[in-house]
Amino acid sequence: MKHHGREKNNSPKNMLTRMNALLMVIALFLAGSVFRVFYLQVFRAEELSQKATSQQTVDSEIKAMRGTIYDCDGNVLAQSATVWNVFIDPYALKLRAKEGTTPTAEDLAELEVKTEKRRQTVIDGLTKLLELDEEDTQKLTEMTYKEESRYELVKKQVENDLKMKISEFASKNDLNCIGYEQSAKRYYPYDSLASTVLGFVGDDGGLYGLERQYDDVLTGTNGRVITVKDAWLNDISDEYETSVEASDGNSLVLTINQSIQYQLEKGLRETMEEYQSKGAYGIVMNCNTGAVLAMASLPDYNCNNPTKITYSRYKKALKQIKDKEEREKEQKNYRDLQFKNYTIEDIYEPGSVFKTFTASAALEENVVSLNTTYNCTGAIKVNEYTMKCHYHPGHGLQTFTQGLENSCNPFFITVGQRLGVHNYFKYFDGFGFTEKTGIDLPQEAMSSYYTENQYSIVELSSAAFGQTNSLTPIQVCTAMCAIANGGTLMKPYIVGSIVDSQGKTISKTNPTEIRQVISSETAATVRQMMKSVVDNGTGKNGYVAGYSVAGKTGTSTKLSESAIAGRDKYIVSFAALAPSEKPEITMIIIVDEPNQDLGGGALCAPIAAQVVEETMSILGIEPTYNEKELSSLSSNTPNVTGMTLDKAKEELGYASLKYVVIGNGGKVTRQCPTSAGTISSNGTVYLYTDDAKKQTVKVPDFTGLTVTEAKTVAGTNNLNIEINGNNMNSGTVVAFRQSVEKGSKVEKGTVITVSFKNTESVLD
């Protein structure tokens, strides 16, 4: 039976059946394979291709450099530099068995252990080098487990020296999973200088100021580098690398002058801090072209750290808030206040500065002349309202020039009434107060004003001396340029030219005349009246020795805020033109809500005087001194070091200088002040002989002293004094600032510059 069965199983028929079954299995297998290949190549081709490409290529972006911002002399105000974004490649971090091998369970376990050790090396190394906190380290740890990812960003904008340290660490530990992509970081070399003008950038471009206004111009086009890797993630030959170069952004050359900007900000900051004002703002313009030479709005911020609170008043207020949520809310409010450029983004009632425009209109329309007089009794009745002069007893009989000198409200009310609504509004519109100036900065505010058909005699009377209508500081300064330049309204601008990355000029801003507002004769007359305001009136502190300055003070009461606060709040100002005969510059200085009831003549005019003196020097305009000014001028200190003592005494005698000898030798080995500095007439030079040791003294407090008192105190303390500011005009003149802080130790004979101002102040 068994034999019979074997024969049956091995029969040709059964063999054929088995062969057919085997062929069927093979056919089905081949059909399945063909179908899978078809499925993968047709239905999943794009998906698999992308996956292969992502594993075999690295696509890196090359960040284009943002254009540089320069001042008018080529000083860099904002610049981009190369930094690096550090990332990890989790796919490359994980160790895998080589292709073509069949790893055992033990092999896979060993690879996992090595991967974990490698992972910890990456985490520990980057945490230390990048100084990551606990939260960032946790994020980094999570990144390393995303094993199919090719890109996980660890830290942005790493400086080049730190990038080199990370690269050295990666090379030492054979970590091809750490990568870098080129990026750029914005730097502002002068921190807060012109910060509210420059603005700053965020991840998506410019956020404030010029960085925002000219974002499209400054932003370049990013490039790319695509690198191909083999199965073991090693770079393949350069011939497989594809790159597109980045195209850097264009640069801005501003009309801003760094030195004038610094002087403006210095004066504003000192006054704001001293009087803890809400703010302090200023603009300096080339009156003939409309170019902005300096623009500042304080409090401001550090462009390199824009969210930090900078103003001492804000810092004190925040410290007093205990509730965390309330403090964070107030901190954000203060931050927003620091970001704001009030010179163009806010409006205010200009107060008596506006009287210069009323005077211009009235003279142009021949409704008044310099011979026009008015008897001020301290108030004037307008319908049922009594409008008062800031000087309640009244100024008495005045000429038109004296009316401006004294900033007499009733006088200018009558002038406004003589003009009438139609003529008043014609010049209000002509000076540009019904439209934006069009300056090339973002968020310029629109003035708030009465239209011609809204005026009654009351509104007209109030508007004539600077109340009722609210204007932007840039409008006021631009209109003042028309008085300065002979009557032409110019368009203000702050970008002088745009240049490409090779330094080639792409575009240049040309001065734009808007309209002729008043005649050159009228403009010259008003300038002469404004000069008299500085020489004899409320603007005495605008005086600068050697230069004729024309100016006008102003005060306006912030009625709505005063009502809330329970006491009057003021915004005070001073407008200036220099030199008055043929002006080159115009400026407006504003102090917002000082903590004392002092006017623009006391707070703003001294700042303007400092800026005028600096600007005239920068522009190369030589001073012209009168006899009185010449007698108090400082001169270069003679160099007597190395001379015999007798010869040195003789030289100092020729220069009308005194001397004090320190030591017992016969030869001068050093002197103070040195020949590098200046010394006032009748000053004292300290002469050291032999090896006499340097002698020092403490600097006294000169604040509040008269000129005579300050000279006496300086002499008593073996110091020299240089007088700055208003010491020529009548009235009470006292020191308000000194170049070296009180209590400082300095060498005997050191020259201390002391600034003086007239303390007579009116809220005009």
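Up top is the structure.
Quick notes on the rules
- Counting restarts for each chain, with residues numbered from 1 along the sequence as it is written.
- Since the coordinates come from a predicted model, pLDDT governs what is reported: local features require at least 70, and pairs of side-chain atoms require 80 or more to be given and counted, while whole-chain, interface and lining totals use all residues.
- The side-chain figures draw on all heavy atoms in the structure; neither hydrogens nor water molecules are used.
- For helices the rule is a DSSP run of H or I covering at least 4 residues; for strands it is a run of E covering at least 2, with both sets numbered from the N terminus onward.
- For every residue, the accessible area (1.4 Å probe, protein chains only) is compared with the maximum for its type, and the residue is labelled buried under 20%, exposed over 50%, or partly exposed between those bounds.
- For this analysis, residues touch if any pair of their heavy atoms sits within 4.5 Å.
- Computed with the Shrake-Rupley method and a 1.4 Å probe, the accessible areas treat only the protein chains shown as cover for residues.
- Whether two strands pair comes down to DSSP finding at least two bridges between them.
- Axis angles are defined between N-to-C directions and span 0 to 180 degrees, where every axis is a line fitted to C-alpha atoms and, for a helix, only to the segment in contact.
- Every angle not falling under 35 degrees, over 145, or within 65 to 115 is termed oblique; those three ranges are roughly parallel, roughly antiparallel and roughly perpendicular.
- Each crossing gets its hand from how the near helix is turned against the far one by less than a right angle, where anticlockwise is left-handed and clockwise is right-handed.
- Residues are grouped as follows: Ala, Val, Leu, Ile, Met, Phe, Trp, Tyr, Cys and Pro are nonpolar; Asp, Glu, Lys and Arg are charged; every other residue, Gly included, is polar.
- The pairing test for Phe, Tyr and Trp rings, Trp by its six-membered ring, is centres within 6.5 Å, and the orientation test on the planes gives stacked under 30 degrees, edge-to-face over 60, and tilted for anything in between.
- Criterion for a charge above a ring: Lys NZ or Arg CZ within 6 Å of the ring centre, and within 35 degrees of the ring normal.

Colleague: How would you explain the overall build of the protein chain if you had to name every residue and give the values?
Modeller: If you tally the helices and strands in the protein chain, you get 26 helices and 33 strands. For the protein chain, the proportion of its 764 residues judged to be buried stands at 47%. Expressed as a percentage of contacts within the protein chain between residues at least 6 apart in sequence, the contacts between residues at least 24 apart total 73%. As displayed, the protein chain has an accessible area near 37,300 Å², and 49% of this comes from carbon and sulfur atoms.

Colleague: Tell me about the sheet that holds strand β31 (residues 733-738), and please be specific about residues and values.
Modeller: Strands sit in the order β30-β33-β31 across an open sheet of 3 strands; the sheet is mixed. The sheet is open, and its two edges are formed by β30 (720-725) and β31, each paired on a single side. Ignoring which end each strand starts from, the neighbouring axes of this sheet average 40° apart. Sheet topology places β31 next to strand β33 (residues 751-758); 5 bridges connect them, and they run antiparallel. Its bridge partner lying in β33, Val734 is registered against Lys757.

Colleague: Give a detailed account of the side chain of Thr401, specifying residues and quantitative values.
Modeller: When you line up the elements, Thr401 lands in helix α16 (residues 400-405). Not counting chain neighbours up to four residues away, the residues in contact with Thr401 comprise Leu370, Met529 and Ser532.

Colleague: How would you explain the packing of helix α11 (residues 258-275) against helix α23 (residues 605-618) if you had to name every residue and give the values?
Modeller: It is the contact of α11 with α23, at a shortest axis distance of 9 Å, that shows an interaxial angle of 165°. On the basis of their axis angle, the class for α11 and α23 is roughly antiparallel. Along this stretch, α11 crosses α23, giving a crossing that reads as right-handed. Contacts between α11 and α23 involve Ser259, Ile260, Gln263, Leu264, Gly267, Leu268 and Thr271 from the first element and Ile607, Gln610, Val611, Glu614, Thr615 and Ile618 from the second. Of the residues that constitute the contact of α11 with α23, the class distribution is 6 nonpolar, 6 polar and 1 charged.

Colleague: A description of the packing of aromatic side chains should follow, citing residues and the corresponding values.
Modeller: Given two aromatic rings, one states the distance between the centres and the angle between the planes to describe the pair. This model, assessed by the stated rule, comprises 27 aromatic pairs. Centroid distance Phe428 to Phe433: 5.3 Å. Interplanar angle 50°. Geometry classified as tilted. Take Phe433: its relative accessible area is 0%, and that puts it in the buried class. In this structure an aromatic cluster arises from ring pairing among Phe354, Phe357, Tyr424, Phe425, Phe428, Phe431, Phe433, Tyr449, Tyr450 and Tyr455. For the cation-ring pair, Arg670 lies above Tyr688, with the distance from its terminal atom to the ring centre recorded as 5.0 Å.

Colleague: Tell me about the sheet that holds strand β28 (residues 684-689), and name the residues and values.
Modeller: The strand order across the open sheet built from 3 strands is β25-β28-β26, with neighbouring strands paired in mixed fashion. In this open sheet, the two edge strands, each paired with only one partner strand, are β25 (658-662) and β26 (668-672). Neighbour to neighbour, the strand axes of the sheet diverge by 25° on average, direction disregarded. Relative to β28, β25 runs parallel, the two being bridged by 5 bridges. Counted as the bridge partner of Lys658 is Thr684 from β28.

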